[in-house]
Amino acid sequence: MAFSNNHTLISRATRVNGDLHFTGELQIEGKVTGNIFADDEKDAKLVIADTGLVEGEIRAPVVIVNGKVVGNIHSSKHLELAAKGNVTGTVHYNSIEMVKGAQLNGSMVNNQAQQANPGSATVATA
């Protein structure tokens, strides 16, 4: 998967209050209180490091969580919950990867199943 040359880092000592809009790759090692939106729906990638915390909704094609998220995640391509990943909220995904140790407190919604049958949603609780 080819990503653009846009790389943004929110370091461990950084706190952001408010919504973030990004293109390319965004790596969060600090704290974000607000929603995160990928403006480039094709190649955007969000990585939440093990020290990262996001309190808000996330919308991006590729999302990798190794930190903590309190809020819903909408991933249009791939969602990875890494070993130290902790999510409280509903995750929407096309493909998902959960590594041993990852925690999900909420629901899982497969976007492909929802698109195939728009009258109902496939929800699995973890």
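A quick note: this is a predicted structure, and the numbers were derived from the prediction, not measured.

Caption draft 1: Main features of the sheet that holds strand E8 (residues 53–55). One open sheet accounts for 6 strands, arranged E2-E5-E8-E10-E12-E15; its pairing is parallel. Because the sheet does not close on itself, it has two edges, and the strands there are strand E2 (15–17) and strand E15 (103–105). Each strand of the sheet is rotated relative to its neighbour by a mean of 5°, with strand direction disregarded. When E8 meets strand E10 (residues 68–70), the two strands line up parallel, connected through 3 bridges. Across the sheet, the residue bridging to Val54 is Val69, located in E10.

Caption draft 2: The nonpolar core, seen in detail. Within the largest apolar cluster, 26 residues are counted, with the highest numbers of intra-cluster contacts made by Ile36, Leu46, Ile58, Val65 and Ile73. Among the elements that line this core, the one with the most residues is strand E9 (residues 58–65), at 4 residues.

Caption draft 3: Expanded view of the pattern of salt bridges. A full pass over the atoms with the stated rule returns 3 salt bridges. With a closest N to O distance of 4.0 Å, Lys31 and Glu55 form a salt bridge. Here Glu55 lies in strand E8 and Lys31 lies in strand E5 (residues 31–33), a separation of 24 residues in the sequence. On the basis of relative accessible area, Lys31 is assigned to the partly exposed category, the value being 29%.

Caption draft 4: Structural context of the side chain of Glu80. For Glu80, the position within the fold is in strand E11 (residues 73–81). Here Glu80 occupies a buried position and makes no salt bridge, while the nearest side chain of opposite charge, Lys45, is found at 7.5 Å. If we skip the residues at most four places from it in the chain, Glu80 touches Val63, Ile64, Val65 and Glu97.

Caption draft 5: Summary view of the environment of Ile64. For Ile64, the position within the fold is in strand E9. On the accessibility criterion, Ile64 (17% relative accessible area) is buried.

Calculation rules
- Counting starts from 1 at the beginning of each chain's written sequence and moves along it residue by residue.
- Selection of residues for local features in this predicted model requires a pLDDT of at least 70, selection of side-chain atom pairs for listing and counting requires 80 or more, and totals for whole chains, interfaces and linings are taken over all residues.
- The side-chain quantities take in all heavy atoms of the structure and omit both hydrogens and water.
- Two strands are said to pair when DSSP picks up at least two bridges between them.
- For the purposes of this entry, the term helix denotes a DSSP run of H or I that reaches at least four residues, the term strand denotes a run of E that reaches at least two, and both are numbered from the N terminus.
- What counts as an axis is a line fitted to C-alpha atoms, over the stretch in contact for a helix, and the angles between N-to-C directions run from 0 to 180 degrees.
- For this analysis, a nonpolar core means a set of buried residues of the types Ala, Val, Leu, Ile, Met, Phe, Trp, Tyr and Cys, connected via side-chain atoms within 4.5 Å.
- Under the scheme applied here, a residue whose accessible area is under 20% of the maximum for its type counts as buried, over 50% as exposed, and between as partly exposed, the area being computed with a 1.4 Å probe on protein chains only.
- Salt bridge, as applied in this entry: a Lys or Arg side-chain nitrogen positioned within 4 Å of an Asp or Glu carboxyl oxygen.
- Charge assignment in this entry is limited to Lys and Arg as positive and Asp and Glu as negative, and neither His nor the chain termini are counted.
- Pairs of residues are marked as contacts when any of their non-hydrogen atoms sit within 4.5 Å.

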